[in-house]
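Structure assessment
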Amino acid sequence: MELDKIENILEKYFQGETTIAEENQLKDYFSSSNVAQHLEQYKPIFGYFSQVKQQKSTQEIPLKTNKRKVAWLSIAASVVVLLGIGTYYFAGEKTTPVVAQSELGTYDDPEEALAATQKALALLSNNVNVGIESVQYIGEYEQSKNKIFKQ
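Residues numbered from 1 in each chain as written. Predicted model: local features only at pLDDT ≥ 70, side-chain atom pairs only at ≥ 80, totals over all residues. Heavy atoms only, no water.

1. Observations regarding the overall build of the protein chain
Counting its regular elements, the protein chain contains five helices and zero strands. For the protein chain, the sequential pattern of α-helices and β-strands runs α-α-α-α-α. The buried share of the protein chain, taken over its 151 residues, is 9%. Considering only residue pairs separated by 6 or more positions, the protein chain has 34% of its internal contacts joining residues 24 or more positions apart. Accessible surface computed for the protein chain: about 14000 Å², of which carbon and sulfur atoms make up 58%. (Helix = DSSP H or I, 4+ residues; strand = E, 2+ residues; numbered from the N terminus. Buried < 20%, exposed > 50% of the residue type's maximum accessible area, 1.4 Å probe, protein only. Contact = heavy atoms within 4.5 Å. Areas by Shrake-Rupley, 256 points an atom, 1.4 Å probe, with all protein chains shown as cover.)

Written as structure tokens, this is what we have:
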């Protein structure tokens, strides 16, 4: 009867359906000296578990803390940010020329004002001409589309 019970528990064990109590029964049975001959092949499995349970690790595991590295990293990042902000403000102010509000768009010499106005109007007319050419291209496209797809 005992042998049938052990075989049933062993079958359940290999299918992964045993409880802790049943596994303890198997360990006790296979650690004893009276194991059936046809079940001797399973003895090393359960014997291994009892051997490993008795082993103790004597090796010390050093625990490294990264707290110092994190602290120095945050300090270094803060210094870099502060240097970047300082450089932006101090170097940025020196590169931009200070122009008084009264000097914007005024000329003392009428000929210089005329030349500047002609230059600005030439740039404007070039851009307007480019826009007109693209509108003419769209017009030609519209005419050819109307010829193909008669509406």
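Let's pick the thread back up.
2. A short note on the nonpolar core
One finds I6, I9, L10, Y13, L26, Y29, F30, V35, A36, L39 and F46 forming the largest nonpolar core, which totals 11 residues. Mapped onto this core, the elements with two or more residues apiece are α1 (2-15) and α2 (20-31). When residues in this core are grouped by element, the largest group, four residues, is from α1. Those residues in contact with Y29, other than ones at most four positions away along the chain, are L3, I6, N34, V35, A36 and L39. (Core = buried A, V, L, I, M, F, W, Y, C linked by side-chain atoms within 4.5 Å.)

3. Remarks on the side chain of T18
Within the secondary structure, T18 sits in the loop between α1 and α2. Within the structure, T18 has its side chain in polar contact with the side chain of E23 (distance 3.0 Å). T18 has contacts with I9, K12, Y13 and E23, leaving out every residue within four places of it along the chain. (Polar contact = N/O pair within 3.5 Å; in protein donor to acceptor, adjacent residues only side chain to side chain.)

4. Here's the deal with a negative patch on the surface
On the surface, D108, D109, E111 and E112 cluster together into a patch of negative charge. Counting through the fold element by element, D109 comes out in the loop between α4 (67-95) and α5 (110-148). (Patch = residues over 30% accessible without salt bridge, like charges linked within 9 Å, V, L, I, M, F, W, Y side chains within 5 Å. Salt bridge = Lys/Arg side-chain N within 4 Å of Asp/Glu carboxyl O. Lys, Arg positive; Asp, Glu negative; His and termini not counted. Charge placed at Lys NZ, Arg CZ, Asp CG, Glu CD.)

5. With respect to α1
Because an α-helix completes one turn every 3.6 residues, residues spaced three or four positions apart along the sequence face the same direction. Look at α1: 20 Å from first C-alpha to last across 14 residues, which is about the 20 Å you get at 1.5 Å a residue. Those residues of α1 that fall on the buried side of the exposure criterion are I6, I9, L10 and Y13. What you see down the axis of α1 is that its buried residues fit within an arc of 105 degrees, all on one side. Opposite the buried face of α1, by more than 90 degrees, sit the exposed residues N8 and Q15. (Expected span 1.5 Å × (residues − 1). Arc of directions from axis to C-beta.)

6. Examining the packing of α1 against α2
Close contact between α1 and α2 brings their axes to 10 Å; oriented N to C, the two are set at 120 degrees. Taken together, the axes of α1 and α2 are oblique relative to one another. Relative to α2, the crossing made by α1 is left-handed. Residues L3, K5, I6, I9, L10, K12 and Y13 of α1 pack against E22, E23, Q25, L26, Y29 and F30 of α2. Taken together, the residues of the contact of α1 with α2 sort by class into eight nonpolar, one polar and four charged. (Axes fitted to C-alpha atoms, helices over the stretch in contact; angles between N-to-C directions. Parallel < 35°, antiparallel > 145°, perpendicular 65-115°, else oblique. Left-handed = near helix turned anticlockwise from the far one by under 90°. Nonpolar A, V, L, I, M, F, W, Y, C, P; charged D, E, K, R; others polar.)

7. Side note on the pattern of salt bridges
Scanning all chains against the criterion turns up one salt bridge. Across the pair E22 and K12 runs a salt bridge, and its minimum N-O distance is 2.9 Å. With E22 in helix α2 and K12 in helix α1, this residue pair connects regions lying 10 residues apart in the sequence. For E22, a relative accessible area of 17% puts it in the buried group.

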